[in-house]
Amino acid sequence: MDHNQFWEIINRACCSDPESAEEWDGSLVEELVKLSPEEIIEWNHIFDSLEAQANQVDLWAAAYIINGGASEDGFYYFRCWLIGMGKEIYSAAVANPDSLADVATPEWFSEGIDAEAEIYGAAHEAWMQVTGQPDTADYPARNESTETIGEEWDFEDIDLIRQHLPRLAALYEDEI
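What you see is a predicted model, and the numbers here were worked out from it, not measured in a lab. (Residues numbered from 1 in each chain as written. Predicted model: local features only at pLDDT ≥ 70, side-chain atom pairs only at ≥ 80, totals over all residues. Heavy atoms only, no water.)

1. Points about the packing of aromatic side chains
Then, number 1: A full pass over the atoms with the stated rule returns 14 aromatic pairs.
Then, number 2: Ring centres of Trp-60 and Phe-75 lie 4.9 Å apart, and the angle between their planes is 10 degrees; this geometry places the pair in the stacked category. Residue Trp-60 is found in helix α4 (residues 57-67), and its partner Phe-75 is found in helix α5 (residues 72-84); the two are separated by 15 residues along the sequence.
Then, number 3: Residue Trp-60 is classed as buried on the basis of its relative accessible area, which comes to 19%.
Then, number 4: A relative accessible area of 1% places Phe-75 in the buried class.
Then, number 5: Members of the aromatic cluster, connected to one another through ring pairs, are Trp-60, Tyr-64, Phe-75, Phe-78, Trp-81, Trp-153 and Phe-155.
Then, number 6: Lying over the aromatic face of Phe-75, Arg-79 brings its terminal NZ or CZ to 4.4 Å of the ring centre. (Phe/Tyr/Trp six-rings, centres within 6.5 Å; stacked < 30°, edge-to-face > 60°. Helix = DSSP H or I, 4+ residues; strand = E, 2+ residues; numbered from the N terminus. Buried < 20%, exposed > 50% of the residue type's maximum accessible area, 1.4 Å probe, protein only. Lys NZ or Arg CZ within 6 Å of the ring centre and 35° of its normal.)

Written out as structure tokens, the structure reads:
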């Protein structure tokens, strides 16, 4: 399993379609059960690595702005959503969180779409199905908690928002 294969699976299962984010988990399981147990574990390790790279303060602020708040769990689900949106959007956002202004418009999310996805357990579910192991079996790819990258700042301070994320600040000015 390499990064290209990882992203191909994400593209097939998630289609970078935020309107279907609630279905991504099931679609990922359907894709992952086609793999060997070892490949599923490798896929899970790549997922965890990408999720850790996106654990950045400015991305947390972007999630806070876009979703109208973001707890620690909410930010984790946001990072899962970001991966589900595909390599191009993910890479752009990790390099520059303000690039999400091209993706996450207020109109889009005012329709009830949150930038969140609960896809973190898809590999575990697929592994259990492929191996026949019960829920209680030790899963060999445990998620390791990661530290948030960057210096914390107040996500409710409009001047700091404008400084860190000027495009998102302008886009969501009425909501923040």
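After presenting the structure, the write-up continues.
2. Structural notes on the packing of α4 against α5
Then, number 1: One can describe the packing of α4 onto α5 by two numbers: an axis separation of 10 Å at closest approach and a directional angle of 95 degrees. Taken together, α4 and α5 sit at an angle that is classed as roughly perpendicular. Contacts between α4 and α5 involve Leu-59, Trp-60, Ala-63, Ile-66 and Asn-67 on the former and, on the latter, Glu-72, Phe-75, Phe-78 and Leu-82.
Then, number 2: Looking at side-chain class alone, the contact of α4 with α5 contains seven nonpolar, one polar and one charged residues. (Axes fitted to C-alpha atoms, helices over the stretch in contact; angles between N-to-C directions. Parallel < 35°, antiparallel > 145°, perpendicular 65-115°, else oblique. Contact = heavy atoms within 4.5 Å. Nonpolar A, V, L, I, M, F, W, Y, C, P; charged D, E, K, R; others polar.)

3. Some thoughts on the pattern of salt bridges
Then, number 1: Following the criterion strictly, the structure yields six salt bridges and no others.
Then, number 2: Glu-31 is the salt-bridge partner of Arg-12, the closest N and O atoms lying 2.8 Å from each other. Of this pair, Arg-12 sits in helix α1 (residues 3-14) while Glu-31 sits in helix α2 (residues 24-32); the two residues are 19 residues apart in sequence, bridging distant segments of the chain.
Then, number 3: The class for Glu-31 is buried, based on a relative accessible area of 12%.
Then, number 4: Note that Glu-173 and Arg-162 form a salt bridge whose closest N and O atoms lie 3.4 Å from each other. With a gap of 11 residues between them, Glu-173 in the segment after α10 (166-171) and Arg-162 in helix α9 (residues 158-164) connect regions that are remote in the sequence. (Salt bridge = Lys/Arg side-chain N within 4 Å of Asp/Glu carboxyl O.)

4. Some thoughts on the environment of Asn-96
Then, number 1: Summarising the element assignment, Asn-96 is placed in the loop between α6 (87-95) and α7 (106-110).
Then, number 2: Among the residues examined, Asn-96 registers a relative accessible area of 39% and is labelled partly exposed.
Then, number 3: For the pair Asn-96 and Asp-2, spaced 94 residues apart in the sequence, the C-alpha separation amounts to 24 Å.

5. Observations concerning α4
Then, number 1: Among the 11 residues of α4, nine are classified as buried, and the element is accordingly described as predominantly covered.
Then, number 2: Buried within α4 are the following residues: Val-57, Leu-59, Trp-60, Ala-61, Ala-62, Ala-63, Ile-65, Ile-66 and Asn-67.
Then, number 3: Once α4 ends, the next one or two residues include Gly-68, with phi positive near 70 degrees.

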